[in-house]
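Spelled out from the first residue to the last, the chains are:
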Amino acid sequence: MASLADAGLAGQIGGPGPANGRLPIEEDAVATAADLIIRSRGPWLTFDTGAPVPRRGPEMNELGERADLALAVRDGLIAAIGPADEIRAAWRGPMEDLGDLLVMPGFVDPHTHPVFHGTREAEFELRNGGRSYVEIAQAGGGIRNSVRRLREADEDTLAEELRARCDRFLALGTTTVEAKSGYGLSLEDEARSLRAIRRIDARHPLDLVPTFLGAHEIPDEYREDREGYLRLLVEEMIPTIAEAGLADFCDVFCEDHVFSVDESRRILLAARAAGLRLRIHADEIAPTGGAELAAELGADSADHLVAASDAGIAAMAAAGVTAVLLPGTSFFLNLPRHARGRAMIDAGCPVALATDYNPGSCHTQSMPMILTLACLHYGFTAAESLCAATVNAAASLGLGERRGRLAVGMDADLIALDAPNARFIPYQFGDNLVRTVVKAGRVVLRRPPLAIGAGA
């Protein structure tokens, strides 16, 4: 995958970039110094509504929309936000004038698999020819295909490929990403993947939240010794990964052809005992009880949920488990059904959206495209999809008090889009409307404005 440097945008990620758009403001001895002041006359989607985090039900339609605002940044945090004239009178410092662009929090992507080596476009054609995802996996393709390829790559290669993918996430307006391992399936290879995530997180503007997914599949060498791999996970891999501080979360692929509910419970209880937080790939293909298990264990999220039962949805709502929905995966696999996102919102579940970026079942990094699919396949409003990709996504990662909203004390992670209103974002599918990305109070990407609304 090409990096932003390859696309001619070198210098626009990782630093403040060129000075265009920066306007000096008159310094006043009474004013407070800011590291940066950001102003736009266009709509601001602050999501600062006073509703609890994560948002549920009708609260997901509340955008906290205002116009002609400015915010002041100090030490990477939002120090003040309010009417532009008031902020400019009270604060001094360099100003980023965004004109009439729409401003909102950066997207938070709470489910990705970005550490891999080699792509699987051949399997895309096999599926188009009539082979199912499960059939391909059982024949040695799918996850096991990616495992064989990743084991051929050294840590420097994995880190460099991940860095380029992080460039792409930022270019598409995503400022925080949950990053899973899961294509190593041995202690050495899983640790190498997680070290690559930690390395890039330390030096790239994008924030990566690492998740251990050693329970992604049974590796080839354990196909005849399933119990042996379970013991390896529970007794060696999880304790070692946790002790080394390589992951914040543990995930498991709970499905009939991968790990059963009982096996998943065993793995997740070991992870909890080691100090890791819990996520679950649940009920993607069949209603196996993964959603109910997530509720039982108080997991931070249950993800996929295409086949989740009514009882599973009700249990998640009662337990406060965030339903992380992945409409891009159902779309890319050309499945005949989709997760019942509308039913989950109506049942009171906190709902988030994610790309599920990976080399096999959903090869996209575009959160805006995910918003479009959520509106089409789940019947979400534009506001619900945006809330699910910011406020609730951040909350599912334990970051609800830091990211996903524009309010005093929050991280200064925001994006500016060439869009006249919130509804336009999922409407204009297939384009990248993001013009400016600010991460931790620094402008890390700029593009010239587009001429929108000029089509037929």
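This one's a predicted model, so the numbers in the text were calculated from it and none came from an experiment.

Participant: What is the right way to read the environment of glutamate 135 from this model?
Facilitator: Relative to the elements of secondary structure, glutamate 135 occurs in helix α3 (residues 133-138). On the accessibility criterion, glutamate 135 (40% relative accessible area) is partly exposed. Note: C-alpha distance between glutamate 135 and alanine 202 (67 residues apart in sequence) is 39 Å. From its side chain, glutamate 135 meets the backbone nitrogen of serine 132 in a polar contact 2.8 Å long.

Participant: Is there a simple way to explain the nonpolar core in this structure?
Facilitator: In a soluble, globular protein the nonpolar side chains are often hidden away together inside. Formed by 105 residues in total, the largest nonpolar core has its most connected members in Phe259, Leu305 and Leu325. Residues Val73, Ala407, Ala416 and Val443 belong to the second largest nonpolar core, which totals 19 residues.

Participant: Would you mind going over the environment of proline 205 with me for this structure?
Facilitator: When you line up the elements, proline 205 lands in the loop between α6 (187-203) and β11 (207-215). The exposure class of proline 205 is buried, given its relative accessible area of 13%. For proline 205 and valine 443, which are 238 residues apart along the polypeptide, the C-alpha to C-alpha distance reads 9.9 Å.

Participant: For this particular structure, what's the right way to read the packing of helix α7 (residues 226-243) against helix α8 (residues 261-273)?
Facilitator: Running from amino to carboxyl end, α7 crosses α8 at an angle of 15°, the nearest separation of the two axes being 9 Å. Here α7 is positioned roughly parallel relative to α8, judged by the angle of their axes. Crossing hand, α7 versus α8: right-handed. Where α7 approaches α8, its residues Arg226, Glu227, Leu230, Arg231, Leu233, Val234 and Ile238 are matched on the opposing element by Glu263, Arg266, Ile267, Ala270 and Ala271. Taken together, the residues of the contact of α7 with α8 break down into seven nonpolar, no polar and five charged.

Participant: Can you help me understand the pattern of salt bridges in this one?
Facilitator: Counted according to the given criterion, the structure contains 36 salt bridges. Of the charged contacts, one joins glutamate 384 and arginine 342 as a salt bridge, the two residues approaching to 2.5 Å between their closest N and O atoms. One end of the pair, glutamate 384, is in helix α14 (residues 382-388); the other, arginine 342, is in helix α12 (residues 341-346), and 42 residues separate them in sequence. Among the residues examined, glutamate 384 registers a relative accessible area of 3% and is labelled buried. By sharing partners, the salt bridges in this structure join Asp207, Arg402, Arg403, Asp411, Asp413 and Lys439 into a single network.

Participant: Please explain the packing of aromatic side chains as it appears in this structure.
Facilitator: For the coordinates displayed, the defined rule picks out six aromatic pairs. Between phenylalanine 169 and tyrosine 357, the aromatic rings sit 5.6 Å apart at their centres with planes inclined by 90°, giving edge-to-face as the arrangement. With phenylalanine 169 in helix α5 (residues 155-171) and tyrosine 357 in the loop between β16 (351-353) and α13 (367-378), this pair connects stretches of sequence that are 188 residues apart. Residue classification places phenylalanine 169 among the buried positions, given a relative accessible area of 0%. A cation over an aromatic ring shows up here: arginine 165 above the ring of phenylalanine 116, its NZ or CZ 3.6 Å from the ring centre.

Participant: Explain α13 here, please?
Facilitator: One turn of an α-helix holds 3.6 residues; hence residues three or four places apart share an orientation. Its 12 residues place the ends of α13 15 Å apart at the C-alpha level, agreeing with the 16 Å of an ideal helix rising 1.5 Å per residue. Backbone nitrogen of methionine 369 and a side-chain oxygen of the N-cap are separated by 3.1 Å at the start of α13; the cap is serine 366.

Participant: Looking at this model, I keep getting lost on the sheet that holds strand β15 (residues 322-325). Mind explaining?
Facilitator: Reading across the sheet, the eight strands line up as β9-β10-β11-β12-β13-β14-β15-β16 and stay open at both edges, with parallel pairing between neighbours. The open sheet is flanked by β9 (107-112) and β16, the only strands paired with a single partner. The sheet shows a mean angle of 25° between the axes of neighbouring strands, taken without regard to direction. As judged from the three bridges shared by β15 and β16, these two strands associate in the parallel manner. Looking across to β16, one finds that leucine 325 is bridged to leucine 353.

Participant: Whenever I open this one, the side chain of threonine 372 confuses me. Can you help?
Facilitator: Its location among the elements puts threonine 372 in helix α13. Judged by its relative accessible area of 7%, threonine 372 falls in the buried class. Beyond its immediate sequence surroundings of up to four residues, threonine 372 is in contact with Pro426 and Phe429.

Participant: Would you mind showing me how to read α5 here?
Facilitator: Under the 1.5 Å per step criterion, the end-to-end length of α5 is 24 Å for 17 residues, consistent within 8% with the ideal 24 Å. For α5, the full list of buried residues reads Glu155, Leu158, Ala159, Leu162, Ala164, Arg165, Cys166, Asp167, Phe169, Leu170 and Ala171. Among the residues of α5, the N-terminal cap falls to aspartate 154, whose side-chain oxygen and the backbone nitrogen of aspartate 156 are separated by 3.3 Å.

Participant: Whenever I open this one, the state of the cysteines confuses me. Can you help?
Facilitator: Disulfide: a covalent bond formed between the sulfur atoms of two cysteine residues. Within this structure, the stated rule accounts for zero disulfides. No disulfide involves cysteine 362; its sulfur sits 16 Å from that of cysteine 375, the nearest cysteine. This cysteine, cysteine 375, is not joined by any disulfide, and cysteine 387 carries the nearest cysteine sulfur, 13 Å off.

Participant: Looking at this structure, I do not really get unusual backbone geometry. What am I missing?
Facilitator: Leaving glycine aside, a negative phi is the common case for residues, and trans is the common case for peptide bonds. Cis geometry marks the peptide bond from valine 53 to proline 54; its omega dihedral reads 0°. In this structure, proline 54 sits in the loop between β3 (36-45) and β4 (65-74). Unlike most non-glycine residues, histidine 304 shows phi in positive territory, near 85°. Tracing the backbone through its elements, the reader meets histidine 304 in strand β14 (residues 301-304). Given a relative accessible area of 4%, histidine 304 falls into the buried group. Positive phi is not limited to glycine here, since asparagine 334 has a value of about 55°. Along the chain, asparagine 334 turns up in the loop between α11 (327-332) and α12.

Quick notes on the rules
Residues numbered from 1 in each chain as written. Predicted model: local features only at pLDDT ≥ 70, side-chain atom pairs only at ≥ 80, totals over all residues. Heavy atoms only, no water. Helix = DSSP H or I, 4+ residues; strand = E, 2+ residues; numbered from the N terminus. Buried < 20%, exposed > 50% of the residue type's maximum accessible area, 1.4 Å probe, protein only. Polar contact = N/O pair within 3.5 Å; in protein donor to acceptor, adjacent residues only side chain to side chain. Core = buried A, V, L, I, M, F, W, Y, C linked by side-chain atoms within 4.5 Å. Axes fitted to C-alpha atoms, helices over the stretch in contact; angles between N-to-C directions. Parallel < 35°, antiparallel > 145°, perpendicular 65-115°, else oblique. Left-handed = near helix turned anticlockwise from the far one by under 90°. Contact = heavy atoms within 4.5 Å. Nonpolar A, V, L, I, M, F, W, Y, C, P; charged D, E, K, R; others polar. Salt bridge = Lys/Arg side-chain N within 4 Å of Asp/Glu carboxyl O. Phe/Tyr/Trp six-rings, centres within 6.5 Å; stacked < 30°, edge-to-face > 60°. Lys NZ or Arg CZ within 6 Å of the ring centre and 35° of its normal. Expected span 1.5 Å × (residues − 1). Pairing = 2+ DSSP bridges. Disulfide = S-S within 2.5 Å.

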